Amino acid sequence: MLHRRKLRRHVIRGGKLGRYPPWPGKIVSPPKDLKKPRGKKCHFVKFFGTEDHAWIKVEQLKPYHAHKDEMIKINKGKRFQQAVDAVEDFLKKAKGKEQNADGKGDSKGKKTPHKPLKILEEDDEDLSALKDPSEKDLTDSDPEPSTAERLGTGPGSGFKWESSSVKDDPHFHHFLLSQSEKPGSSMEPISKRLKIIEEDTGSTSIQAADSTAINGSITPTDKRIGFLGLGLMGSGIVSNLLKMGHVVTVWNRTAEKCDLFIQEGARLGRTPAEVASMCDITFSCVSDPKAARDLVLGPSGVLQGIRPGKCYIEMSTVDPETITELSQVITSRGGRFLEAPVAGSQQVSNDGMLVILAAGDRSVYEDCSSCFQAMGKTSFFLGEAGNAARMMLILNMVQGSFMATIAEGLTLAQATGQSQQTFLDILCQGQMASTFVDQKCQNILQGNFKPDYYLKHIQKDLRLAISMGDMANHPTPMAAAANEVYKRAKALDQSDNDISAVYRAYIH
């Protein structure tokens with residue numbers, strides 16, 4: 001049975017069949033050394049749309065196709081719809097492969113059978129899968145996964161992958177991306193937990209099967225963790241580190257913000273230097289390049305606490321030049337440096353679902369595996385220091401420009417006598433539909449600009465991205481136009497509101 005707290009990220013309440021609605025899944029081969037629970041017969045099932053796997057009792061299986069429409073009516077949640085979309089996408093691809101197999105077949109003239117699809121149903125005690133009886137059960141031809149180390153005890157406990165994932169399984173979310181033009185240049189094994197996949201782009205992806213455990217259980221590193229900066233993002237990160245059992249020492253410029261985390265079990269550091277000297281790995285997450293430099297180079301700064309072997313991880317979104325400078329000064333003292341800016345918002349940070357972009361010392365990235373699992377759903381390693389900063393600025397440039405365009409569309413709809421709500425309803429039924437669009441637009445229509453990501457920070461990121469484009473002699477006219485709109489919003493005292501407050505630049 002899956003641990004409730006972690007599962008609630010993936011299963012939305014509601015419906016009549018038990019406490020939670022059914023959930024689509026697919027039978028996969030279990031890891032070789034993972035024993036079946038004793039008692040009634042069960043199958044090992046992967047949840048579509050999540051990283052989750054579980055043992056599911058056979059008697060609770062029901063057909064996917066027969067119940068799909070009914071289940072969709074019961075559950076209107078976006079996560080459930082995304083899971084159904086993933087099933088449909090899987091079926092389309094499987095059908096295409098089947099058609100190809102009709103013409104070709106394998107070397108023995110046999111077709112490769114597909115594993116049955118399920119809808120998983122959860123009540124207070126059990127998870128169940130809905131099985132199509134017309135489909136065959138597991139066969140010997142199914143791909144065998146590599147070994148996995150089980151977490152938790154008792155029958156049906158969830159577990160965490162500690163070695164290779166199920167073959168062709170897209171639901172494991174830790175990647176190492178080479179920046180080399182030669183596909184084979186970084187394909188050497190890094191650890192037992194990593195497997196190598198060469199991508200069509202020519203870059204090399206090394207996928208680690210150590211995603212956050214489905215039962216919410218992460219084996220925390222025994223290294224002492226320090227964290228500097230308890231803003232919108234940092235607060236959620238620290239909270240999740242503590243929940244997952246990490247030993248964390250915190251510091252914040254405004255000391256009162258530390259109080260809540262001290263109550264949750266964190267230790268208090270008096271200065272950044274003290275935190276760095278006390279801890280094996282120190283993270284920082286602050287507002288801009290100046291704050292990041294001051295934290296390291298200023299009075300009682302991190303640099304004063306760095307000794308050989310100490311790790312420093314810069315999570316702030318800054319320019320590549322700042323990262324290069326910080327990396328050089330940290331390593332000059334014998335320290336180890338990693339940048340790891342995060343994509344997300346305050347709510348995403350609180351939920352432990354951030355996307356982490358890392359670059360620099362790869363061994364530090366590996367040492368932080370449990371930390372990244374606690375704070376995020378996905379982490380990427382992008383090579384040398386500076387690459388993560390570049391990628392994050394590009395991502396935020398796109399997000400900031402997109403938000404400004406959405407605001408422009410909403411105000412143009414109003415100016416031309418169209419319903420803004422109808423505009424949003426249509427938008428959310430099209431190809432641009434997303435949780436981001438829905439939430440931001442609804443907040444705009446409700447006049448709710450409580451910060452989930454500060455407007456001043458997205459404008460900073462646009463400015464840095466434009467500067468990066470200039471240095472690369474690459475035009476960024478869309479970002480430049482969006483930047484001007486955000487600058488106007490800042491002039492209207494919207495700096496400390498959410499990025500969606502860029503809307504107000506169009507109505508004043």
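Residues numbered from 1 in each chain as written. Predicted model: local features only at pLDDT ≥ 70, side-chain atom pairs only at ≥ 80, totals over all residues. Heavy atoms only, no water.

Below, the discussion takes up the overall build of the protein chain. Along the protein chain, the regular secondary structure elements total 17 helices and 17 strands. Of all intrachain contacts in the protein chain linking residues separated by at least 6 positions in sequence, the fraction that spans at least 24 positions is 66%. Here the protein chain displays about 23,600 Å² of accessible surface, and carbon together with sulfur accounts for 51% of that area. (Helix = DSSP H or I, 4+ residues; strand = E, 2+ residues; numbered from the N terminus. Contact = heavy atoms within 4.5 Å. Areas by Shrake-Rupley, 256 points an atom, 1.4 Å probe, with all protein chains shown as cover.)

A few words on unusual backbone geometry. Peptide bonds are mostly trans, and most non-glycine residues show a negative phi. Positive phi is not limited to glycine here, since S300 has a value of about 55 degrees. Within the secondary structure layout, S300 lies in the loop between α7 (289–297) and β13 (311–314). The partly exposed category is assigned to S300, whose relative accessible area is 31%. In this structure, D493 takes a positive phi of about 65 degrees despite not being glycine. By secondary structure assignment, the location of D493 is in the loop between α16 (477–491) and α17 (504–507). (Buried < 20%, exposed > 50% of the residue type's maximum accessible area, 1.4 Å probe, protein only.)

The subject of this paragraph is the packing of helix α13 (residues 420–427) against helix α14 (residues 435–446). Packing of α13 against α14 leaves a shortest axis separation of 11 Å and a crossing angle of 175 degrees. On the basis of the axis angle, α13 is roughly antiparallel to α14. Packed against α13, whose contacting residues are Q420, Q421, L424 and L427, the element α14 presents V437, D438, C441, Q442 and L445 at the interface. For the contact of α13 with α14, the class distribution of residues is five nonpolar, three polar and one charged. (Axes fitted to C-alpha atoms, helices over the stretch in contact; angles between N-to-C directions. Parallel < 35°, antiparallel > 145°, perpendicular 65-115°, else oblique. Nonpolar A, V, L, I, M, F, W, Y, C, P; charged D, E, K, R; others polar.)

Moving on to the pairing of strand β16 (residues 354–360). Most of β16 is tucked away: five of the seven residues are buried. In this structure, strand β14 (residues 336–339) lies alongside β16, joined through two bridges in antiparallel fashion. In the sheet register, L338 faces β16, and the bridge partner there is G360. Bridge analysis of strand β15 (residues 342–343) against β16 gives two bridges, and the strand direction is antiparallel. Paired with A343 across the bridge in β16 is V355. (Pairing = 2+ DSSP bridges.)

This part is about the pattern of salt bridges. Taken as a whole and assessed by the stated rule, the structure comprises 10 salt bridges. Note that D294 and K290 form a salt bridge whose closest N and O atoms lie 2.8 Å from each other. Of this pair, D294 and K290 both sit in helix α7, four residues apart, which is roughly one turn of that helix. When the shortest N-O distance is used, the salt bridge between R336 and D367 registers 2.9 Å. Of this pair, R336 sits in strand β14 while D367 sits in helix α10 (residues 362–367); the two residues are 31 residues apart in sequence, bridging distant segments of the chain. Overlapping salt bridges bring together R336, D361 and D367 as one network. (Salt bridge = Lys/Arg side-chain N within 4 Å of Asp/Glu carboxyl O.)

Between its first and last C-alpha, helix α8 (residues 320–332) extends 18 Å over 13 residues, near the 18 Å set by a 1.5 Å rise per residue. Those residues of α8 lying buried are P320, T322, I323, L326, S327, V329 and I330. Each element contacted by the buried residues of α8 is listed here: α7, β13, β14, α12 (387–415) and α15 (455–471). One or two positions beyond α8, positive phi appears at G334, with a value near 90 degrees. (Expected span 1.5 Å × (residues − 1).)

Bringing the nonpolar core into the picture now. Core analysis: the biggest nonpolar cluster contains 35 residues, and F227, L241, F283, I313, M315, F372 and M375 have the highest contact counts within it. Those elements that place two or more of their residues in this core are β9 (225–228), α4 (232–243), β10 (248–251), β12 (281–284), β13, β16, α10 and α11 (369–375). A total of five residues in this core trace back to one element, the largest contributor, which is α4. The contact partners of L241, leaving out residues within four places of it in the chain, are I225, F227, H246, V248, C371, A374 and M375. Core analysis: the second largest hydrophobic core is formed by 32 residues, M403, L424, A501 and V502 among them. (Core = buried A, V, L, I, M, F, W, Y, C linked by side-chain atoms within 4.5 Å.)

With that out of the way, let us pick up the state of the cysteines. With the rule as written, the count across this model stands at zero disulfides. Of all cysteine sulfurs, the one in C441 lies closest to C428, which takes part in no disulfide; the gap is 6.5 Å. (Disulfide = S-S within 2.5 Å.)

Now for the confidence of the model for the protein chain. Put simply, the protein chain has an average pLDDT of 77, and 68% of its residues get 70 or more. This model gives residues 121–174 a pLDDT under 50, and the stretch forms 212 contacts once residues within four places in sequence are excluded. Predicted confidence is poor over residues 178–216, with pLDDT under 50, and the contacts of this stretch with residues over four places away or in other chains come to 118 contacts. (pLDDT = per-residue confidence, 0-100.)

For the structure on display, the rule yields six aromatic pairs. Ring centres 5.3 Å apart and planes at 50 degrees place the aromatic pair Y365 and F381 in the tilted group. Taken as a pair, Y365 in helix α10 and F381 in strand β17 (residues 376–381) lie far apart in primary sequence, 16 residues in all. A relative accessible area of 2% means that F381 is categorised as buried. Through successive ring pairs, a cluster of aromatic residues spans F227, F283, Y365, F372 and F381. (Phe/Tyr/Trp six-rings, centres within 6.5 Å; stacked < 30°, edge-to-face > 60°.)

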